[in-house]
Number of protein chains: 2
Amino acid sequence: MPEKAKELLKEHGLRKTFGRQQVLIYFRERSTAVSHGDLCKVFPEMDRAALYRIIQDFEEKGIVHKVPDDEVSVKYAFCASSCTAEEHHDHHLHFKCDACQETYCLPEQETPKIYLPEGFRANSTEVLVHGFCKACA
Amino acid sequence: MPEKAKELLKEHGLRKTFGRQQVLIYFRERSTAVSHGDLCKVFPEMDRAALYRIIQDFEEKGIVHKVPDDEVSVKYAFCASSCTAEEHHDHHLHFKCDACQETYCLPEQETPKIYLPEGFRANSTEVLVHGFCKACA
DNA sequence: TTAAGTGCAAAATCTTTGCAAATGT
DNA sequence: ACATTTGCAAAGATTTTGCACTTAA
């Protein structure tokens, strides 16, 4: 994976713009998932609509992935590795702290093998564990 | 578990109103999760705000549970059994079909044991499996 | 130069809230 | 009769869209 945001954008077929670089760097430096609203607070000078489009482009190109959430809005986190527009490979667990409300990606953990009822075919599995994180426990 | 919607409401400390009975019966008869928007379509004669409040009351009292979703809005499904206002016991899997977009509860399946990094403490686990359901496979 | 991205404004949705009228116990 | 719930209307948030202007390649 390229070190520079610039290269990462290029690699995923996106033009290197100021906004995208800022947001990409922010995602890379975080271990927890953020919503669109969160990003608006982090980048108050950026346009809301532009942020929606940046997130959307990043998700389509495999730079960030959706993290299912039980609050109102979806969250996003930086893709672990090797995700492309064709396929995401973020088969790791997510952990949401009931105290600080942060959602962590836990990439060391593989998703467990799930056995489905007859007739169901699985493509991918999302796991969201609730509890207290290291900082809040 | 009581057979009648009326009794179920009473058991959870909610008054038996027409709207609540309708919605409760609807939830009981479904095997897939629905959003507020879905309910509005099913009950176009009911007030949006009232539906929000019904869902909220049901969730608080342990009649339905939230199902994390990767779309815009949260979904809800009927509680398997014995959930109360104090504690939900819906530790089953959810399955979302990539074709028909329905989210199923898979109550036969126990959630797998998850091993977390040092310092993290789990309370509950939500699993959302993506793939093709029986009807679409 | 020209295809793509941004900023701004407006529309469309979604969610919450307050309060008078209706309903359940 | 009294507390709760509903219906309606308004406000607040969130998300999407269109289009002129700017920027990247």
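Residues numbered from 1 in each chain as written. Chains lettered and ligands numbered in written order. Predicted model: local features only at pLDDT ≥ 70, side-chain atom pairs only at ≥ 80, totals over all residues. Heavy atoms only, no water.

Peer 1: When you look at the pairing of strand β2 (residues 75–78) of chain A in this model, what are you seeing that I'm missing?
Peer 2: Sheet faces and side chains relate simply in a regular strand, where the side chains alternate between the two faces. Residues and elements named next belong to chain A. Every second residue of β2 is oriented toward a common face, with K75 and A77 on one face and Y76 and F78 on the other, all of them buried. Where strand β1 (residues 64–67) and β2 come together, four bridges link them in antiparallel fashion. Looking at the pairing, V64 lines up with F78 of β2. (Buried < 20%, exposed > 50% of the residue type's maximum accessible area, 1.4 Å probe, protein only. Helix = DSSP H or I, 4+ residues; strand = E, 2+ residues; numbered from the N terminus. Pairing = 2+ DSSP bridges.)

Peer 1: I tried to follow the sheet that holds strand β2 (residues 64–67) of chain B on my own but got confused; where do I start?
Peer 2: By way of backbone hydrogen bonds, the strands of a sheet pair with one another, either parallel or antiparallel. Residues and elements named next belong to chain B. Strand order in the open sheet formed by three strands is β1-β3-β2, and the pairing between neighbours is antiparallel. Two strands lie at the open edges of the sheet, namely β1 (34–35) and β2, each paired on one side alone. Here two bridges tie β1 to strand β3 (residues 75–78), and the two strands are oriented antiparallel to one another. Each bridged residue has a counterpart across the sheet, and for S35 the counterpart in β3 is K75. Across the face of the sheet, helix α2 (residues 18–29) comes into contact with β1, β2 and β3 while running at roughly 80° to β3. (Contact = heavy atoms within 4.5 Å. Axes fitted to C-alpha atoms, helices over the stretch in contact; angles between N-to-C directions.)

Peer 1: What is the right way to look at the pairing of strand β6 (residues 121–132) of chain B in this model?
Peer 2: Judged from the 11 bridges that link them, strand β5 (residues 121–132) of chain A and β6 of chain B form a sheet pairing that is antiparallel. The residue bridging G131 of chain A from the neighbouring strand is A122 of chain B, located in β6 of chain B. By the bridge criterion, five bridges tie strand β4 (residues 92–97) of chain B to β6 of chain B in an arrangement that is parallel. For C97 of chain B, the partnering residue across the bridge sits in β6 of chain B and is G131 of chain B.

Peer 1: What is the right way to look at the interface of chain B and chain A in this model?
Peer 2: Interfaces are frequently sized by the accessible area removed from exposure as the parts join. Across the boundary between the two partners, chain B contributes 38 residues, which contact 38 residues of chain A. Note on chain B versus chain A: buried area summed over both sides is about 3,100 Å², and carbon and sulfur give 61% of it. Run the count over chain B and chain A and you get zero salt bridges. At the boundary of chain B with chain A, the tally comes to nine residue pairs in polar contact (both at pLDDT 80 or more). Among the secondary structure elements, those contributing two or more residues to the side of chain B that touches chain A are β4, β5 (103–110) and β6 of chain B. The element contributing the most residues to the side of chain B that touches chain A is β6 of chain B, with 12 residues. (Buried area = accessible area lost by both parts, 1.4 Å probe. Salt bridge = Lys/Arg side-chain N within 4 Å of Asp/Glu carboxyl O. Polar contact = N/O pair within 3.5 Å; in protein donor to acceptor, adjacent residues only side chain to side chain.)

Peer 1: Looking at this structure, how should I read helix α4 (residues 48–61) of chain B?
Peer 2: One turn of an α-helix holds 3.6 residues; hence residues three or four places apart share an orientation. Residues and elements named next belong to chain B. The terminal C-alpha atoms of α4, which comprises 14 residues, lie 20 Å apart, in line with the 20 Å expected from a rise of 1.5 Å per residue. Of the residues making up α4, those classed as buried are L51, I54, I55, D57 and F58. Buried positions in α4, seen along its axis, are confined to an arc of 165° and lie on one side of it. Counted as exposed and oriented over 90 degrees from the buried face of α4: R48 and R53. In this fold, the buried residues of α4 make contact with α1 (5–11), α2, α3 (36–42), β2 and β3. Taking the backbone nitrogen of A49 as reference, a side-chain oxygen 3.2 Å away marks D47 as the first, capping residue of α4. Note on α4: the residue one or two positions beyond its end, G62, has a positive phi of about 85°. (Expected span 1.5 Å × (residues − 1). Arc of directions from axis to C-beta.)

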